[in-house]
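Coordinate inspection notes
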Amino acid sequence: MAKALGRGSGWRYGVLLGLSLASGTFPLLALPPADDLPEEKLRTEIILEGRSPLDGQPLSASQYEELKKQLAERPYPPQVAPKIRQLVFLLRVRKFIRTIFPFL
């Protein structure tokens, strides 16, 4: 460490740190602001609103439950057109090739 900081510079930092602590000018940056809610309290809050997984619109709790039930009752997931599926596949292949050969 003495080589990285220079010869004899370690004690200078110690003296400066000691002086700043003794004078009370050392900032307390590790403490959160007084009005900040702790994470433990935020975890106990009940969420009364949500967003639709389909289009992202805000929903109330009852609307969200209804939508969740409707999506669970579907016997099969929605189908995508074969042309669009092929296009998405080709775009993914292109992205993979560009990660390996960025100059192409």
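Throughout this description, residue numbers start from 1 for each chain and increase along the sequence as written. For a predicted model such as this one, the threshold for reporting local features is a pLDDT of at least 70, and the threshold for listing and counting side-chain atom pairs is 80 or more; totals across whole chains, interfaces and linings nevertheless cover every residue. Note that the side-chain values use all heavy atoms of the structure and ignore hydrogens as well as water.

1. Observations concerning the overall build of the protein chain
Rules: Runs of E in the DSSP output that reach at least two residues are strands. Runs of H or I that reach at least four are helices, and both are numbered from the N terminus. Summary of the burial criterion: residues with accessible area below 20% of their type's maximum are buried, those above 50% are exposed, and those between are partly exposed, where the area comes from a 1.4 Å probe applied to protein chains only.
When helices and strands are counted, the protein chain shows 5 helices and 2 strands. Reading the secondary structure of the protein chain in the N-to-C direction produces α-α-α-β-β-α-α. Across the 104 residues of the protein chain, 5% fall into the buried class.

2. A word on a nonpolar patch on the surface
Put simply, the rule reads: Residues enter patches when they are more than 30% accessible in relative terms and free of salt bridges; like-charged ones are connected within 9 Å and nonpolar ones (Val, Leu, Ile, Met, Phe, Trp, Tyr) within 5 Å. Using a 1.4 Å probe, accessible areas were evaluated by the Shrake-Rupley method; residue-level cover was limited to the displayed protein chains. Salt bridges are defined as contacts in which a side-chain nitrogen from Lys or Arg sits within 4 Å of a carboxyl oxygen from Asp or Glu.
Together, F89, L90, V93, F96, I97, I100, F101, F103 and L104 make up a nonpolar patch on the protein surface, roughly 930 Å² of accessible area in all. Tracing the sequence through the fold places I97 in helix α5 (residues 82–100).

3. Re the side chain of S52
Selection criterion: Residues adjacent in sequence count toward polar contacts only when both atoms are side-chain atoms; beyond that, a polar contact is any pair of N or O atoms within 3.5 Å, and within protein one must be able to donate a hydrogen and the other to accept it. Whether two residues touch is decided by their heavy atoms; if any such pair falls within 4.5 Å, the residues are in contact.
Mapping S52 onto the fold places it in the loop between β1 (49–51) and β2 (58–60). A residue is classified by how much of its surface remains accessible, and S52, at 9% relative accessible area, is buried. In terms of polar contacts, S52 uses its side chain to reach the backbone amide nitrogen of L54, at 3.1 Å. Among residues more than four places away in sequence, those in contact with S52 are Q57, L59 and L67.

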